[in-house]
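# Reading the structure
The residues making up each chain are set out below.
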Amino acid sequence: MMKAMNRDDAGARHMADDQGHDVVVVGAGAAGLNAALLLGRARRKVVVIDAGEPRNAPAQHMHGFLSRDGLPPATLLELGRAEIARYGVRFLRRRVEEIDHGFSVRLEGGEVIDARRVLVTTGLRDELPDLPGIRERWGKDVLHCPYCHGYEVRDQPLAVLGTHPGAVHQALLLRQWSDDVIFLQHTLSLTAEDRERLEGRGVRIVEGAIGHIVVEGDRVRGIELADGRAVPRAAVFLFPRMVPRDELLTRLGCAKNDTGWIVADRTGRTGVPGVWAAGNVIDPRAQVVTAAGMGSAAAFAINADLVDEDVQHAIEQRRATGAADR
Ligand SMILES: Cc1cc2nc3c(=O)[nH]c(=O)nc-3n(C[C@H](O)[C@H](O)[C@H](O)COP(=O)(O)OP(=O)(O)OC[C@H]3O[C@@H](n4cnc5c(N)ncnc54)[C@H](O)[C@@H]3O)c2cc1C
């Protein structure tokens, strides 16, 4: 069991048996768990800390992950947590409040865990348009990703909401799954080219503001426009505003690119030494399988970085004790 003890410098409580972790992984979605699996198998001392709010929690099934297609999202994570436990990786259901350089990882409640490296896999937040009915049906029949859920609503009457500039591309894409796609323009201004592309692809444009999503019997039945017109539909797609949960990284000094996402190399190494990131927190396009792959790549790079440091320490120690000259 973990014990808390007083720390004299900042009054923070360091967990007695938490001292000396190689890596703290913040976030236990696909990215964090896959990284932890690799690091645990590399015999690193790892703790994974997760607040329990994975992005795809509202969905009943996860698709597009080889050998796991159709699995409930929570089951994938349960399986992952069981796998990391086999290699001695510890898991804490907690929120990380701050990471101080060095690294000291401060948890909600005041405990602090020290680590040589940190990997942040905190995902992103989907900001949904403020329209009645959207939030309740999100992940069920109000959807975002055709690759995740398009097949399940194939050949049905579908709508795309004009609430984000990305919606035009989304509608063009969605026609791959159904011949009956309408684009509700709502407040989005469409260029002549947008219209030509949508109409050319067989997407019907419906003008007018959206009133609310019509839900009956635990199902979306359509959309009612502000002027009272009813548009019967079986499912609704929208493009959320994706906001990275990257506050821990930005406060550590990690730089962002001009689109507002943290700069990292292909292994997830940020510009701050010792700090890695993987998954949706640095890439909004990452699916579950991609996020897992990013976690894996980060784990390889972190372990290699630790090996370099271990080698350097060993050389310095040998030199200091004169062992190298004997
Ligand atoms: C409705 C919906 C359905 C989807 N369906 C699919 C699908 O079928 N197939 C597919 O491939 N993709 C799907 N996705 C995308 C999928 O959710 C992401 O690709 C995936 O979750 C990214 O994994 P991640 O590890 O980067 O982040 P997440 O899975 O979001 O995990 C991040 C974790 O970090 C934790 N965290 C955040 N901040 C802190 C903190 N300060 N301290 C501690 N923990 C913290 C969170 O609680 C969370 O558990 C869907 C997305 C949505 C919105």
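If you look the protein chain up in an unreviewed UniProt entry, it shows as Thioredoxin reductase from Nonomuraea polychroma. As its UniProt record puts it under Catalytic activity (unreviewed entry), the protein chain is described as follows: "[thioredoxin]-dithiol + NADP(+) = [thioredoxin]-disulfide + NADPH + H(+)".

### Here's the deal with the sheet that holds strand β17 (residues 235–237)
What the five strands build is an open sheet, ordered β10-β17-β11-β12-β13; its pairing is parallel. Among the strands making up the open sheet, the edge pair consists of β10 (142–143) and β13 (204–206). Across four bridges, the pairing between strand β11 (residues 158–161) and strand β12 (residues 181–184) is parallel. By the bridge assignment for β12, V160 is matched with F183. Helix α5 (residues 167–174) rests against β11, β12 and β17 of the sheet, and its axis sits at about 165° to β11.

### Focus: the domain arrangement of the protein chain
Here the domain parsing of the protein chain yields domain 1 (4–125 + 241–325) and domain 2 (129–237). Put simply, the middle of domain 1 and the middle of domain 2, counted by C-alpha atoms, are 37 Å apart. Residue-level contacts link six residues of domain 1 with seven residues of domain 2.

### Remarks on the site of the ligand
Taken together, 39 residues are adjacent to the ligand, and G27, G29, N56, G123 and G279 come closest. For the shell around the ligand, the class distribution of residues is 18 nonpolar, 15 polar and six charged.

### A short note on the pairing of strand β4 (residues 46–49)
Along any regular strand the residues' side chains alternate between the sheet's two faces. By the alternation rule, side chains of β4 split into V46 and V48 and V47 and I49, which are all buried. Note: strand β3 (residues 21–26) against β4, four bridges, orientation parallel. In the strand pairing of β4, V26 is matched with I49. In this region the chain leaves β3, passes through helix α1 (residues 30–41) and returns to the parallel neighbour β4; the handedness of that crossover is right-handed. Two strands pair when backbone bridges link them, and β4 and strand β5 (residues 90–92) are joined in this way by three bridges, in the parallel orientation. Residue pairing in the sheet places I49 in a bridge with L92 of β5. Where the polypeptide runs from β4 across helix α2 (residues 73–86) and back to β5, its parallel neighbour, the crossover connection is right-handed.

### Quick look at the environment of D130
When you line up the elements, D130 lands in the loop between β9 (124–127) and α3 (134–137). Residue classification places D130 among the exposed positions, given that 8 C-beta atoms sit within 10 Å. For the pair formed by D130 and T163, sequence separation is 33 residues and the distance between their alpha carbons is 9.7 Å.

### As for the sheet that holds strand β15 (residues 219–225)
Overall, antiparallel pairing links the three strands, which are arranged β14-β15-β16 in an open sheet. The sheet is open, and its two edges are formed by β14 (210–216) and β16 (230–232), each paired on a single side. The average undirected angle you get between the axes of adjacent strands in this sheet is 25°. Two strands pair when backbone bridges link them, and β15 and β16 are joined in this way by three bridges, in the antiparallel orientation. Along β16, the bridge assignment pairs E224 with A230.

### Focus on the pairing of β12
Viewed along the sheet, the connection from β11 through α5 into β12 turns out right-handed. Running through helix α6 (residues 192–200), the crossover from β12 to the neighbouring parallel element β13 is right-handed.

### Examining the packing of α5 against α6
Interhelical geometry of α5 versus α6 gives an angle of 15° and a closest axis separation of 10 Å. Classified by the angle between their axes, α5 and α6 sit roughly parallel to one another. Pair α5 / α6 crosses with left-handed handedness. Across the interface between the two elements, V168, A171 and L172 from α5 touch D194, R197 and L198 from α6. Classifying every residue of the contact of α5 with α6 by side-chain character gives four nonpolar, no polar and two charged.

Calculation rules
- Residues numbered from 1 in each chain as written.
- Predicted model: local features only at pLDDT ≥ 70, side-chain atom pairs only at ≥ 80, totals over all residues.
- UniProt positions renumbered as here; feature names shortened; annotations may be inferred.
- Pairing = 2+ DSSP bridges.
- Helix = DSSP H or I, 4+ residues; strand = E, 2+ residues; numbered from the N terminus.
- Contact = placed C-beta atoms within 7 Å.
- Axes fitted to C-alpha atoms, helices over the stretch in contact; angles between N-to-C directions.
- Domains from an automatic or database assignment.
- Near = placed C-beta within 6 Å.
- Nonpolar A, V, L, I, M, F, W, Y, C, P; charged D, E, K, R; others polar.
- Buried ≥ 20, exposed ≤ 12 C-beta atoms within 10 Å, placed from the backbone.
- Right-handed = clockwise from strand over helix to strand, strands pointing away.
- Parallel < 35°, antiparallel > 145°, perpendicular 65-115°, else oblique.
- Left-handed = near helix turned anticlockwise from the far one by under 90°.

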